[in-house]
Amino acid sequence: VYALTDSPLFLALERGYFEEAGITLDLQQYDTVVNAIPAVSTGQMDIAFDGALSAGFLNAIARGIGIKIVANQGTAVLVHEDRPYYAIVAAKSLVESGQVQRVADLRGQPVGVLAEGSLAQLLVDMALRSEGLTLADVRQQTISFPDTLAGLRGGSLAGGFLVEPFITLGRQQGLLEVLVAAEKLAPGREITLVLYSPQFAQQPAANRFMVAYLRGVRDYVRAFFGDGDRAAAAAQLVKHLAVKEPALYERMGLPYVNPDGRVNTADLQAQQEWHVAQGLVAQPASVEQLVDNRFVDYALSVLGPYRP
């Protein structure tokens, strides 16, 4: 299922930017970027989206597969205080009973962390550490986002990590309260990344793709974080994304994307250091060598720097 972080890609597609660039997209879906890596590393697939810096991804990179991180696809910016894109949440029943009022109250409780070595697990750990606990103080549950909502409803989870649209859906159903917006834990955190295969990175189309993609990013940022036409953008996104109700785009917290495409390498390094400290990554990669700014630099030479 496509994520909200894919919104700029689909706006660029809907508005003909890839067609103008002479690029035809053949979209393939994978359940995680780790499962897409073999196809990208061998050039069977040119580009991968939703490249969260998980332990599995870092361990694959350490094998020298040549994939390049070429652009930001989502970054932690909290625009509306009560509408985070991702957050640590608690079961509403526990909040209303007074049992859970803050992250520290999750001590000893079952808490959803999505997957071992995920950005979700990292952020849950950060939230716990901010109140003097660690992952060892909760009962970690590796569980999908839909199953997290079911667990909060049924009582098998006290809390966990969620992204939109599941936060808004959980609020509408009276299942959860937000304990802390994850954007507050690490402002500027890289949520997801755009990856190029070694083969595609050598082709002229790699530059043209980035120009088209960043045009989509800028339309997305203007529509949802500026004074652009939000309704028109939502009408195009519902054709492709799992969120089919246009009104939800007014209520959800949406992921910010850097309109100049640049990647926060210092944050990638910080994320990798956490995975190493957890014993999940044995051989750290050189972040500087992983990130290739040539394509964003080219796109900016064509488009100029973003001006709101």
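The structure under discussion appears in the preceding block.
Residues numbered from 1 in each chain as written. Predicted model: local features only at pLDDT ≥ 70, side-chain atom pairs only at ≥ 80, totals over all residues. Heavy atoms only, no water.

1. Points about the packing of aromatic side chains
In this structure the tally under the stated criterion is 17 aromatic pairs. Ring centres of tyrosine 86 and phenylalanine 161 lie 5.7 Å apart, and the angle between their planes is 75°; this geometry places the pair in the edge-to-face category. Here tyrosine 86, found in strand β3 (residues 86-91), pairs with phenylalanine 161, found in strand β6 (residues 159-163); they are 75 residues apart in sequence, far enough to count as distant. Residue classification places phenylalanine 161 among the buried residues on the basis of a relative accessible area of 4%. Judged by centre distance (5.4 Å) and plane angle (50°), the ring pair of tyrosine 220 and phenylalanine 224 falls under tilted. One end of the pair is tyrosine 220 and the other is phenylalanine 224, both in helix α10 (residues 205-225) and 4 residues apart, which spans about a single turn. Residue phenylalanine 224 is classed as buried on the basis of its relative accessible area of 4%. The rings of Phe18, Phe49, Tyr196, Phe200, Phe209, Tyr213 and Phe295 are connected pair by pair, giving a single aromatic cluster. (Phe/Tyr/Trp six-rings, centres within 6.5 Å; stacked < 30°, edge-to-face > 60°. Helix = DSSP H or I, 4+ residues; strand = E, 2+ residues; numbered from the N terminus. Buried < 20%, exposed > 50% of the residue type's maximum accessible area, 1.4 Å probe, protein only.)

2. Concerning the sheet that holds strand β1 (residues 47-48)
Strand order across the open sheet formed by 3 strands is β1-β8-β2, with antiparallel pairing between neighbours. Edge positions in the sheet fall to β1 and β2 (68-75), since each has one partner strand and no second. (Pairing = 2+ DSSP bridges.)

3. Some remarks on helix α6 (residues 119-129)
Buried residues dominate α6, accounting for 9 of its 11 residues. Within α6, the full set of buried residues consists of Leu119, Ala120, Gln121, Leu122, Leu123, Val124, Asp125, Ala127 and Leu128.

4. Points about the packing of helix α1 (residues 7-14) against α10
For the pair α1 and α10, interaxial distance at closest approach is 7 Å and the crossing angle is 105°. Here α1 lies roughly perpendicular to α10, going by the angle between them. Here Ser7, Pro8, Leu9, Leu11 and Ala12 of α1 lie close against α10, whose contacting residues are Phe209, Ala212, Tyr213, Gly216, Val217, Asp219 and Tyr220. Looking at the contact of α1 with α10, its residues break down into 9 nonpolar, 2 polar and 1 charged. (Axes fitted to C-alpha atoms, helices over the stretch in contact; angles between N-to-C directions. Parallel < 35°, antiparallel > 145°, perpendicular 65-115°, else oblique. Contact = heavy atoms within 4.5 Å. Nonpolar A, V, L, I, M, F, W, Y, C, P; charged D, E, K, R; others polar.)

5. What to know about the side chain of threonine 5
Of note, threonine 5 is situated in the segment before α1. According to the relative accessible area criterion, threonine 5 is buried, its value standing at 2%. For threonine 5, the side chain forms a polar contact with the side chain of aspartate 50, separated by 2.7 Å. Ignoring sequence-local partners within four residues, the contact set of threonine 5 consists of Asp50, Gln73, Tyr85, Thr192 and Pro255. (Polar contact = N/O pair within 3.5 Å; in protein donor to acceptor, adjacent residues only side chain to side chain.)

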